[in-house]
Amino acid sequence: KRDVAGWPGIGMLARVVGTLFIERNRRRAALHRDVIAERLAEGRSLILFPEGTSSDGSAVLPFKSTLFAVAECRPDVAVRPVSIVYTGINGRPMEPAWRPLVAWYGDMTLGPHLWAFLGLEGVSVEVTFHPPVRSAPGLTRKDLARLCHEAVAGAVGRRITTPPEQGWKETDR
């Protein structure tokens, strides 16, 4: 989001890697769509976070379809949904009560949260790259957002509901 550009340290790092800072209002949606289309036309890849906010990771929030609007004007666009699930802390399977240790959301203050996170011995993360969803004639941005959400939410839901003894291996540390 646009606010991150002004954050000390993090804003600078985000600019260095070419972050597109999004203003969350409908008036800017067409501009963001056009900038995303330009970057794709240059052959660049983009990472979008379509939830529009963060949560504790116990469920996937609805996707904002605005970021998928470029697919309505570019029939060659492929979107690769990715699921990210924190699966353990300090060598132990993730417990629901520990989610605030890894997820930054709500009114948490970033500095103290980051300090506590960095103090953990280790955090296990499972990243799943789902098959690409391709834009096609008749497929709207809302359809694309729904298809991607279904892939991500399904994988996250299955992973966080797997009992630790079934989903956790010693090699996951």
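That block above? That's the structure.
Now for a quick tour of the structure. (Residues numbered from 1 in each chain as written. Predicted model: local features only at pLDDT ≥ 70, side-chain atom pairs only at ≥ 80, totals over all residues. Heavy atoms only, no water.)

## Here's the deal with the pattern of salt bridges
Two side chains of opposite charge can pair, provided their charged atoms sit close to one another.
Part 1 of the argument: Across all of its chains, the model carries 5 salt bridges by this definition.
Part 2 of the argument: Arg44 is paired through a salt bridge with Glu42; the nearest N and O atoms lie 3.2 Å apart.
Part 3 of the argument: Owing to a relative accessible area of 54%, Glu42 belongs among the exposed residues under this scheme.
Part 4 of the argument: The salt bridge involving Arg159 is made with Glu126; its shortest N-O contact spans 2.7 Å. Of this pair, Arg159 sits in helix H6 (residues 141–161) while Glu126 sits in strand E4 (residues 123–129), and the two are 33 residues apart along the sequence. (Salt bridge = Lys/Arg side-chain N within 4 Å of Asp/Glu carboxyl O. Buried < 20%, exposed > 50% of the residue type's maximum accessible area, 1.4 Å probe, protein only. Helix = DSSP H or I, 4+ residues; strand = E, 2+ residues; numbered from the N terminus.)

## Section: the environment of Arg80
Part 1 of the argument: The topology assignment puts Arg80 in the loop between strand E1 (78–79) and strand E2 (82–89).
Part 2 of the argument: Here Arg80 falls in the partly exposed class, since its relative accessible area comes to 45%.
Part 3 of the argument: Sequence separation of Arg80 and Pro132 is 52 residues, and the distance between their C-alpha atoms is 4.3 Å.
Part 4 of the argument: Among all residues touching Arg80, those that are not within four sequence positions of it are Phe129, His130 and Pro132. (Contact = heavy atoms within 4.5 Å.)

## Here we look at the pairing of E2
Part 1 of the argument: Alignment of E2 against E4, held across 7 bridges, turns out to be antiparallel. What sits directly across from Ile84, in E4, is Val127.
Part 2 of the argument: As defined by bridge partners, E2 adjoins strand E3 (residues 92–93) across 2 bridges and the pair is classed as antiparallel. Considered in E3, the bridge of Gly88 is made with Pro93.
Part 3 of the argument: As consecutive antiparallel partners, E2 and E3 are separated by 2 residues, and within that stretch Asn90 has a phi angle of approximately 50 degrees, a positive value. (Pairing = 2+ DSSP bridges.)

Read these as geometric descriptors, not functional statements.
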